[in-house]
Amino acid sequence: MTWRPSLSRLSLFARLRAEDTTEDGEHNAMRRLLRRGASGSFIVQICSAGLGLLLHVVIARILGKDNYGAYALTLSWVGLLTIFALSGQQLGVVRALPAYFEKGEWGKARGLRSASRQLVLAVSIVISVAGAFVVYRLRTRLGITLELTMFAGLVLLPVNAQLQLNGGLHQAMKRAVSNGLFTGILRPVLLLGLILLI
């Protein structure tokens, strides 16, 4: 038995063909689909912006201005290292996955998903370990606060990279709302939870 995605995973045009085959029906189906996706995406973006602002205010209050600087620096480094950890897989998935779905090549789609996840996980772990070694070697120059914050950020690097890759997978499947949920809401909530634990 071969793996086939549900209707929600197919491309926009494949969903339209599945819903209605007449020209008027296809036009109405496209309008409904675009309206639903646009309104959901707009709501997720508003919630994401509000949550981001709230997250930074809460973290600034908890950490204080000196420690918040260490947090901001670490967050910048983790963002930069995440780009390298993704190894171009996010863009590759966004380009290739819809083509596999359109052609019905479900095995290739499944293989691309799992291989990209494994590659991103392996690269992000290697980068985290190398980064931890660099931070350890520079510990006398960094200070204890920045050192611990950098270690915590490097632990979060594989999680951040996987969340961004999952956002790319959802983008490739034309799921604007779930893509926004992964990148704009789940990641900040996870970050806040881990910061509160530390």
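Rules behind the numbers
Residue numbering note: each chain is counted from 1, following its sequence as written. Thresholds applied to this predicted model are a pLDDT of at least 70 for local features of residues and 80 or more for the giving and counting of side-chain atom pairs; totals over whole chains, interfaces and linings are not thresholded and use all residues. No hydrogens and no water enter the side-chain calculation; it runs on all heavy atoms of the structure. The term salt bridge refers to a pairing of a side-chain nitrogen on Lys or Arg with a carboxyl oxygen on Asp or Glu at a separation within 4 Å. Residue exposure (1.4 Å probe, protein chains only): buried if accessible area is under 20% of the type maximum, exposed if over 50%, otherwise partly exposed. Here the nonpolar core consists of buried residues drawn from Ala, Val, Leu, Ile, Met, Phe, Trp, Tyr and Cys, with membership extended through side-chain atoms lying within 4.5 Å. In this text, helices come from DSSP runs of H or I with a minimum length of four residues, and strands from runs of E with a minimum of two, each type numbered from the N-terminal end. Should any heavy atoms of two residues lie within 4.5 Å, those residues are counted as being in contact. For a helix, the expected span equals 1.5 Å multiplied by the residue count minus one. In this analysis the local bend is the angle between axes fitted, respectively, to the seven residues ending at and the seven residues starting at the residue.

(A) How the structure looks around the pattern of salt bridges. Inspection of every chain in the model, using the stated rule, returns 1 salt bridge. Among the salt bridges present, the one from lysine 108 reaches glutamate 105, with a minimum N-O distance of 3.9 Å. Among the residues examined, lysine 108 registers a relative accessible area of 48% and is labelled partly exposed.

(B) Inspection of the nonpolar core at higher detail. Counting 22 residues, the largest nonpolar core has Val93, Leu97 and Phe101 as the members making the most contacts within it. For this core, the elements supplying multiple residues, two or more each, are α2 (23-86), α3 (89-103), α4 (106-137) and α6 (144-172). Among residues more than four places away in sequence, those in contact with leucine 97 are Ala109, Leu112, Arg113, Leu169, Ala172 and Met173. If you look at the next biggest cluster of nonpolar residues, it comprises 5 residues, including Leu55, Tyr71, Leu156 and Leu191.

(C) Highlighting α6. Over its 29 residues, α6 extends 42 Å from the first C-alpha to the last, a length consistent with the 42 Å expected when each residue adds 1.5 Å. Where α6 bends most, at leucine 156, the angle is about 35 degrees, and the proline proline 158 comes one to four residues later. Lysine 174, located one to two residues past α6, shows a positive phi value of around 60 degrees.

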